[in-house]
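# Examination of the molecular architecture
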Amino acid sequence: MEAGESFLSCAVTMEWMTPQGSISRKINYKTASLRLIRNEFREIFMEISNDKSAAVKLALKSINVFKKFMAEGKASVKFQDAGCTLFISNAPPTNLVSFLRTIFVKMTGDKEQSANTTPSKQSMRSKLLSSKAQAFEEISPVTVADVHNAKKKISKATVTTPSPPSKKRKMDESSRGPAPKKLYSPSPLTTTSTLNPEQQRVLEACLSGKNVFFTGSAGTGKSFLLKRIVAALPPDVTVPTASTGVAACHVGGTTLHAFAGIGDGSGTLENLCEKAVKLPLVAQKWRKCKHLIIDEISMVDGIFFEKLEAVARYVRKNDKPFGGIQLILCGDFLQLPPVVEKGKTGKRFCFQSPCWDKCIELCFELKQVHRQNDSEFISILNSIRIGRVTKEISDRLTGTSRQKIESDGILATRLCSHTNDSKMINDSKLSDLEGEQKVFSSQDSDNATKLLDMQTIAPSKLMLKIGAQVMLLKNINVNAGLVNGARGVVVRFEEGFPVVRFKNKKEYTARSERWYVKNSNGSLLCRKQVPLNLAWAFSIHKSQGLTLDCVEMSLSKIFEAGQAYVALSRAQSLDTLRVLDFDSRHVWADPNVLEFYQRFRRRLQQMEIVPLGRPLADKSNKKFKLRDILEKQLRRK
Ligand SMILES: Nc1ncnc2c1ncn2[C@@H]1O[C@H](COP(=O)(O)OP(=O)(O)OP(=O)(O)O)[C@@H](O)[C@H]1O
Ligand SMILES: [Mg+2]
């Protein structure tokens, strides 16, 4: 478990209430600093300050914490003695989790200490008589031992739920479930696996405020890292997007097109700029955004990217690249390229646009593959990625054509190059099954079904029968293997919900889950649906970004560079893969991309080889520290 933080940067509202329940005083800070400190009597306080006003100090005792919206950077703390409630918003979620953890750990530690050592708290009288000078100091860092200690106490800590401030109150209350019971409990932000060193370096670079592009082959954890980056930035000014709806759903964002508000980008640049400025919601979004994050950048059209860059400068009246917005881009250009209309030519990829070099300040390549463990398969995939197929590779993949990868009635998912084929297969296999068909219709935010269809992976109408091959669409329980992409079969219905048996023999009753997407005006739209989809077949385009655990493919109708690589790299191992008709002619890489990566590697290599004016002994493990990398890359600019 990571240590906690004693400092938080966020927006705050403080409300003091009279005993009758009306607000007697209110303070709003758009940017505030929260600090945990101790006084000369070792009592803990939270200090709330901003540049302009005097700091407010509130004693951290008898507090109630409401943390259900922690993952959105929001929480509130009610200081009962002071009669004040502090509403925190726009906090980087990871920092917020860490800050609340510190409060919990320190308060638990103090309670224990006072119970064990001092018979009673210092009275007001002894404090007044004390000769100690008033002094506040930073709280000491949380140690691992502190955390363990506090974890043991988890069951004892409880919270109640003060209401969030003013306008938001009603909306939040209506969507709120039962109040959380613990001040500290594992959350997705605290329990996910840790980043490896190369991912950590990218995260630090992103937090330095520089424009970053990071790449890496399929399964190197780009999207995994991107979610961590999003969680480490202030949510109100961070826009996570991806080139496709499914990929956007994967990183909890919206499509780049939906955010940009300039349709498909057709028309002259002048028209697009005027359009963006005239639509108040669109202009406001562009002005508010400070960090624009784009996953699956390989599928963003180069001309669209160029137009966006110019629109951003125009709307924000700022001549810096992208109007001064921090860009964080990730993807693998050797996977699927942008979808281009027939007959259209020109700059296809983002990196072919002249503004690419102006925009990107730092580049990184992730090397460690996480999706697959098998080194033989990783090396085959690395060759396929660059369009190289040796006889050994061809034989090995052809050899999978007859292997049995089905178990316990769970059939392999067929990846199809064309969406229509996958739909046809699913429909006909379902109708072949006997038995009653059950229909699960999604519950969607008002009038948003069309948008949610495009942006979430969950279907608005799901037809199921006993025996239907399905795929799980959410991480339900990572430890139990119930993860996004896990394959199973519907074995029965219980209380109207499908019960699915997975490949690992676990059974799971699929109850409704929620998917959220951001509307173009920034509000959240929600789809409630059982987290399943038919999985006899899936299109390769829809599979980009997914990890699949039992997959077969026919590559004969492949029509894009990188398409075979995307399909093959969804599998977790050679033993869970069946290629029906492998032919090396279906594997090729785009020469422009290969050339781009050659240049990219040279740039990275120079960065690693050329000494940075520091003796080699300065470098641990011959790897440069982030500071060195930043210096080097900036010097290059
Ligand atoms: N540091 C890590 N520790 C443990 N698991 C990880 C780590 N990084 C990534 N993973 C896991 O590896 C798998 C692949 O990660 P992810 O989907 O982010 O890769 P990707 O680079 O985005 O792949 P693609 O190019 O196919 O989109 C996921 O199951 C993810 O949870
Ligand atoms: Mg990904």
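In this text the structure is predicted, and so the values were computed from the model without any measurement.

### Quick look at the overall build of the protein chain
Helices and strands together make up the secondary structure of the protein chain, namely 21 helices and 28 strands. Taking all 637 residues of the protein chain together, 50% fall into the buried category. Across the protein chain, every contact between residues at least 6 apart in sequence was considered, and the portion connecting residues at least 24 apart equals 70%. Carbon and sulfur atoms provide 51% of the accessible area of the protein chain, an area that totals close to 30,800 Å².

### Overview of the sheet that holds strand β25 (residues 532-534)
Pairing between sheet strands relies on hydrogen bonds along the backbone, with the strands arranged either parallel or antiparallel. Strand order in the open sheet formed by 5 strands is β22-β21-β20-β19-β25, and the pairing between neighbours is antiparallel. Lying at the two open borders of the sheet, with one neighbouring strand each, are β22 (507-509) and β25. Neighbour-to-neighbour, the strand axes of the sheet open up by a mean angle of 45°, direction not taken into account. Two strands pair when backbone bridges link them, and strand β19 (residues 469-472) and strand β20 (residues 487-494) are joined in this way by 3 bridges, in the antiparallel orientation. Paired with methionine 471 across the strands is arginine 487, a residue of β20.

### Let's talk about the site of ligand 1
As a structural note, the neighbourhood of ligand 1 is formed by 18 residues, with Gln199, Lys222, Ser223, Phe224 and Arg570 the closest of them. Here an oxygen atom of ligand 1 and a backbone polar atom of glycine 219 are 2.9 Å apart. The backbone of phenylalanine 224 places a nitrogen or oxygen atom 2.8 Å from an oxygen atom of ligand 1. Taken by itself ligand 1 offers 640 Å² of open surface, and the protein chains cover 81% of this. Here the shell around ligand 1 takes 3 residues from helix α7 (residues 222-231), the largest share from any one element. Taken together, the residues of the shell around ligand 1 break down into 2 nonpolar, 12 polar and 4 charged.

### Notes on the pairing of strand β15 (residues 413-416)
As paired elements, β15 and strand β27 (residues 551-553) share 3 bridges and run parallel to each other. Within the sheet, the bridge partner assigned to threonine 413 lies in β27 and is valine 551. Looking at chain direction, β15 and strand β26 (residues 537-539) are connected through 3 bridges and run parallel. The residue bridging cysteine 416 from the neighbouring strand is serine 539, located in β26.

### Here we look at a positive patch on the surface
A contiguous patch of positive charge on the surface is contributed by Lys30, Lys288, Lys290 and Lys518. Mapped onto the fold, lysine 290 is located in the loop between α11 (280-288) and β12 (291-295).

### Describing the state of the cysteines
Scanning the entire structure with this criterion turns up 0 disulfides. Distance from the sulfur of cysteine 206, which forms no disulfide, to the nearest cysteine sulfur (cysteine 330) is 9.2 Å.

### Considering the sheet that holds β12
Taken together, the 6 strands give an open sheet; going across it, the order is β11-β10-β12-β13-β9-β14, and neighbouring strands pair in parallel fashion. Of all strands in the sheet, those with a lone pairing partner are β11 (254-255) and β14 (362-366), marking the two edges. When strand β9 (residues 212-216) meets β14, the two strands line up parallel, connected through 5 bridges. Among the inter-strand pairings, threonine 215 is bridged to a residue of β14, identified as glutamate 365.

### Notes on the nonpolar core
Core analysis: the largest hydrophobic core is formed by 43 residues, its most contacted members being Trp286, Leu292, Phe322, Phe333 and Trp356. Sorting the residues of this core by element identifies α9 (256-260), α10 (269-278), α11, β12, α12 (302-316), β13 (326-330), α13 (355-359) and α20 (591-609) as the ones contributing at least two each. Ignoring sequence-local partners within four residues, the contact set of tryptophan 286 consists of Phe259, Ala260, Leu308, Val311, Ala312, Val315, Arg316, Phe322 and Ile325. Counting 37 residues, the second-largest nonpolar core is a separate cluster that includes Phe377, Ile540, Val566 and Val587.

### Side note on the pairing of strand β7 (residues 84-89)
The side chains of a regular strand alternate between both faces of the sheet. Summarising burial for β7: 5 of the 6 residues are buried, a large majority. In the sheet, strand β6 (residues 75-79) pairs with β7 via 5 bridges, with the strands oriented antiparallel. Note on β7: the bridge partner recorded for serine 76 is phenylalanine 87. Counted between consecutive antiparallel strands, the loop separating β6 from β7 contains 4 residues, among which glycine 83 sits at a positive phi close to 65°.

### Describing unusual backbone geometry
Glycine aside, residues mostly have negative phi, and peptide bonds are mostly found in the trans state. Phi is positive for lysine 317, which is not a glycine, with a value near 45°. Within the secondary structure, lysine 317 is located in the loop between α12 and β13. Positive phi, normally seen in glycine, also occurs at aspartate 408, with a value near 55°. Note that aspartate 408 resides in the loop between α15 (391-398) and β15.

### Structural notes on the packing of aromatic side chains
Counted under the stated rule, the structure contains 20 aromatic pairs. Where phenylalanine 213 meets tryptophan 356, the ring centres are 5.1 Å apart and the plane angle is 70°; that geometry is what we call edge-to-face. Pair noted here: phenylalanine 213 is in strand β9 and tryptophan 356 is in helix α13, with a separation of 143 residues, a long-range link. Each member of the pair, phenylalanine 213 together with tryptophan 356, is buried. With a centroid separation of 5.5 Å and an interplanar angle of 50°, the aromatic rings of phenylalanine 305 and phenylalanine 322 are classed as tilted. Here the residue phenylalanine 305 occupies a position in helix α12, and phenylalanine 322 occupies one in the loop between α12 and β13, the gap between them amounting to 17 residues. Residue phenylalanine 305 shares its accessibility class with phenylalanine 322, and that shared class is buried. Members of the aromatic cluster, each reached through a chain of ring pairs, are Phe213, Phe305, Phe322, Phe333, Phe349, Phe351, Trp356, Phe596, Tyr597 and Phe600. Here the guanidinium or amino end of arginine 25 rests over the ring plane of tryptophan 16, the centre of that ring lying 4.3 Å away. Here the guanidinium or amino end of arginine 385 rests over the ring plane of tyrosine 597, the centre of that ring lying 5.3 Å away.

### Quick word on the UniProt feature "binding site: ATP" (unreviewed entry) in the protein chain
In the numbering adopted here, UniProt assigns the feature "binding site: ATP" (unreviewed entry) to Gly216, Ser217, Ala218, Gly219, Thr220, Gly221, Lys222 and Ser223. Assignment of secondary structure puts glycine 221 in the loop between β9 and α7. Locating serine 223 in the fold gives a position in helix α7. For serine 223, the contacting residues outside a window of four places in its chain are His250, Val251 and Asp295.

Procedures and definitions
Residues numbered from 1 in each chain as written. Chains lettered and ligands numbered in written order. Predicted model: local features only at pLDDT ≥ 70, side-chain atom pairs only at ≥ 80, totals over all residues. Heavy atoms only, no water. Helix = DSSP H or I, 4+ residues; strand = E, 2+ residues; numbered from the N terminus. Buried < 20%, exposed > 50% of the residue type's maximum accessible area, 1.4 Å probe, protein only. Contact = heavy atoms within 4.5 Å. Areas by Shrake-Rupley, 256 points an atom, 1.4 Å probe, with all protein chains shown as cover. Pairing = 2+ DSSP bridges. Axes fitted to C-alpha atoms, helices over the stretch in contact; angles between N-to-C directions. Near = heavy atom within 4 Å. Polar contact = N/O pair within 3.5 Å; in protein donor to acceptor, adjacent residues only side chain to side chain. Nonpolar A, V, L, I, M, F, W, Y, C, P; charged D, E, K, R; others polar. Patch = residues over 30% accessible without salt bridge, like charges linked within 9 Å, V, L, I, M, F, W, Y side chains within 5 Å. Salt bridge = Lys/Arg side-chain N within 4 Å of Asp/Glu carboxyl O. Lys, Arg positive; Asp, Glu negative; His and termini not counted. Charge placed at Lys NZ, Arg CZ, Asp CG, Glu CD. Disulfide = S-S within 2.5 Å. Core = buried A, V, L, I, M, F, W, Y, C linked by side-chain atoms within 4.5 Å. Phe/Tyr/Trp six-rings, centres within 6.5 Å; stacked < 30°, edge-to-face > 60°. Lys NZ or Arg CZ within 6 Å of the ring centre and 35° of its normal. UniProt positions renumbered as here; feature names shortened; annotations may be inferred.

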